[in-house]
Amino acid sequence: MASITEIRKKIPQDLLNSFYDIFDIHTVDKLLYGISDKKLTTLRVNTLKYDIKSLMDYFKKVNIKFERVKWNENALILKNADERDLEKLNIFKEGQIYLQNLSSMIPPIILDPKEGEKILDVAAAPGSKTTQMAAMMKNMGFILANEADKIRAERLKYNLKLQGVEIAEVRVGKGEKIGEEYPEFFDKVLLDVPCSGEGIISIKDPKTYRGWSLKEVERLSRLQKKLFESAYKALKKGGIMVYSTCTLNRKENEEIIDWALNNFGIKIMNIDRLDNNFLNGIDIGLSDEVKKCIRVVPNEVYEGFFVCKIKKKD
């Protein structure tokens, strides 16, 4: 493993400075080690086609070692197999499992979609969270899975079909327009916004941080506000929204939530701390309500993530 000094030299200085602006030295060190760690492969069973007991029995048979996840009964952490190994298996090719980082599984768990509900997934591709929600809903209800990019939308359609999802309609278009098209239509909204991706940086892969810049963070923050307003308009009164990113800075996380508190009729809801690796939101200079949000520090099984649970006032 690279030393902290080596890691500091590799990532953009502005990005490193932003980490120290937000976190204490101990947390920054933990974070830097997290983005240099080789990630273990994690997955969830697709309960529309398979079940966790059968999957565990199969893995034991083929000598794939695994660990259960305490907050998600359908997820596993693999100890001696990677994505390339799994992609060769029929259970992958037939859509019985979905390779997905544990952090990506958190927003649907927090949103908790139910059978028969109408759900909006604002930025759905490639479909990890859409397919997870459909499985949670047992293919009963409705999901509008939106994607602005036509090519990514085709990948989304492919994954939905492979996973046996029958309740999702793919909309190709700007998420900023959904609120006007579907005013107060959805029971719940998943707003997993486009972001600067600081939580998925890997020191071993410069492509994951080459495009990062303060200017890009500013641009994305403006887009996130537009998407939030649209999602808010599309949500029924009393409905639940989960806002999430795979980035770590406050500009795209707590500051978006603070802005939303000042501009919309919302309430921030408490989230159970699913793991000791999760931190509370940082409220310095902001509403103390943002402390109810959670931030996931990257490590060998988690990508960096931010999640906030929101209720639209009646």
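Note that this is a predicted model, so its numbers are computed, not measured.

Before going further, it helps to spend a moment on the layout of surface pockets. What the second largest pocket holds in volume is close to 250 Å³. Around the second largest pocket, the lining is made up of 13 residues, and of these Ser 18, Ile 22, Asn 249, Arg 250 and Lys 251 lie nearest the centre. Sorting the residues of the lining of the second largest pocket by element identifies α2 (13-22) and α12 (214-234) as the ones contributing at least two each. In terms of residue class, the lining of the second largest pocket is built from six nonpolar, two polar and five charged.

On the surface, a cluster of positive charge is made up of Lys 174, Lys 177, Arg 222 and Lys 226. Tracing the chain through its elements places Lys 177 in the loop between β7 (168-172) and α10 (178-181).

This paragraph deals with unusual backbone geometry. Of note, the bond from Ala 125 into Pro 126 is cis; its omega dihedral lies within 30 degrees of zero at 5°. In this structure, Pro 126 sits in the loop between β5 (118-121) and α8 (128-136). Look at Asn 139: it is not a glycine, yet its phi comes out positive at around 60°. With respect to the helices and strands, Asn 139 occurs in the loop between α8 and β6 (142-147). The buried category is assigned to Asn 139, whose relative accessible area is 16%.

All right, on to the pairing of strand β1 (residues 42-45) then. The two faces of β1 match: Thr 42 and Arg 44 on one face and Leu 43 and Val 45 on the other face are all buried. Two elements, β1 and strand β3 (residues 72-78), share three bridges in a ladder whose sense is antiparallel. Paired with Arg 44 across the bridge in β3 is Ala 75. Where β1 lies against strand β4 (residues 97-99), three bridges are found, and the strand directions are antiparallel.

Tallied over the entire structure, the rule returns eleven aromatic pairs. With centroids separated by 6.3 Å and ring planes inclined at 45°, the aromatic side chains of Phe 59 and Phe 66 adopt a geometry described as tilted. Its relative accessible area of 21% is what places Phe 66 among the partly exposed residues. Measuring from ring centre to ring centre gives 6.3 Å for Phe 228 and Tyr 243, while their planes differ by 50°; the resulting arrangement is tilted. Here Phe 228, found in helix α12, pairs with Tyr 243, found in strand β9 (residues 235-245); they are 15 residues apart in sequence, far enough to count as distant.

Here the focus is the sheet that holds β1. Strand order in the open sheet formed by four strands is β2-β3-β1-β4, with antiparallel pairing between adjacent strands. Unpaired on one side and paired on the other, β2 (66-69) and β4 mark the two borders of the sheet. Adjacent strand axes in the sheet meet at a mean angle of 30°, parallel and antiparallel pairs treated alike. Sitting on the sheet, helix α7 (residues 102-111) is in contact with β1, β2 and β3, with an inclination near 170° to β3.

Once that is clear, we can look at α7. Across the ten residues of α7, nine count as buried, placing the element largely inside the fold. Among the residues making up α7, those that are buried are Leu 102, Ser 103, Ser 104, Met 105, Ile 106, Pro 107, Pro 108, Ile 110 and Leu 111. Its side-chain oxygen placed 2.9 Å from the backbone nitrogen of Ser 103, Asn 101 serves as the N-cap of α7. Of the residues trailing α7, Asp 112 is marked for its positive phi of about 55°.

Most of β9 is tucked away, with eight of its eleven residues classed as buried. Pairing of strand β8 (residues 186-192) with β9 involves six bridges; the strand directions are parallel. Note on β9: the bridge partner recorded for Asp 192 is Ser 244. In this structure, β9 lies alongside strand β13 (residues 305-312), joined through six bridges in antiparallel fashion. Bridge pairing in β13 links Tyr 243 to Cys 308.

This part is about the pattern of salt bridges. In total, this model carries 20 salt bridges according to the counting rule given. Measuring nitrogen to oxygen at the nearest pair gives 3.3 Å for the salt bridge that ties Glu 154 to Lys 157. With Glu 154 and Lys 157 both in helix α9 (residues 150-162) and three residues apart, the pair spans about one turn of that helix. Between Glu 216 and Arg 219 there is a salt bridge, and its shortest N-O distance comes to 2.8 Å. Taken together, the residues Glu 216 and Arg 219, both in helix α12 and three residues apart, mark about one turn of the helix. Among the residues examined, Glu 216 registers a relative accessible area of 26% and is labelled partly exposed. Residue classification places Arg 219 among the partly exposed positions, given a relative accessible area of 40%.

Conventions we followed
Within each chain, residue numbers correspond to sequence positions counted from 1 in written order. Reporting in this predicted model follows two pLDDT cut-offs: at least 70 for local features of residues, and 80 or more for side-chain atom pairs to be given and counted; totals over whole chains, interfaces and linings ignore these cut-offs and use all residues. Calculation of side-chain values draws on the structure's entire complement of heavy atoms; hydrogens and water are dropped beforehand. Points on a 1 Å grid over protein atoms alone make up a cavity when a 1.4 Å probe fits among them but cannot get out, and a pocket when they form an open set with protein on both sides within 12 Å along at least five of seven lines; lining residues each have an atom within 4 Å of a point. Grid points are joined across faces, edges and corners, and a volume is the space filled by probe spheres set on the points. Numbering of helices and strands starts at the N terminus; helices are DSSP runs of H or I of at least 4 residues and strands are runs of E of at least 2. Polarity classes work like this: nonpolar for Ala, Val, Leu, Ile, Met, Phe, Trp, Tyr, Cys and Pro, charged for Asp, Glu, Lys and Arg, and polar for all others, with Gly in that last group. Residues enter a patch when their relative accessible area is above 30% and they make no salt bridge; the linking distance is 9 Å between like charges and 5 Å between nonpolar side chains (Val, Leu, Ile, Met, Phe, Trp, Tyr). For every accessible area listed, the method is Shrake-Rupley and the probe measures 1.4 Å; residues are considered covered only by the protein chains on display. Salt bridge, as used here, is a side-chain nitrogen of Lys or Arg placed within 4 Å of a carboxyl oxygen of Asp or Glu. All tallies of charge rest on Lys and Arg as positive and Asp and Glu as negative; His and the ends of each chain are not included. Each charge is placed at NZ for Lys, CZ for Arg, CG for Asp and CD for Glu. Using a 1.4 Å probe on the protein chains alone, a residue whose accessible area is under 20% of its type maximum counts as buried, one over 50% counts as exposed, and one in between counts as partly exposed. At least two bridges found by DSSP between two strands is the condition for calling them paired. In summary, the pairing rule links any two rings of Phe, Tyr or Trp, Trp by its six-membered ring, whose centres are within 6.5 Å, and it sorts them by plane angle into stacked for under 30 degrees, edge-to-face for over 60 and tilted for everything else. Axes here mean lines fitted to C-alpha atoms, for a helix over just the part in contact, with angles spanning 0 to 180 degrees between N-to-C directions. Contacts between residues were defined by any pair of non-hydrogen atoms, one from each residue, lying within 4.5 Å. Definition of a polar contact: a pair of N or O atoms within 3.5 Å, with one able to donate and the other able to accept a hydrogen when the atoms are protein atoms, and with sequence-neighbouring residues admitted only if both atoms are side-chain atoms.

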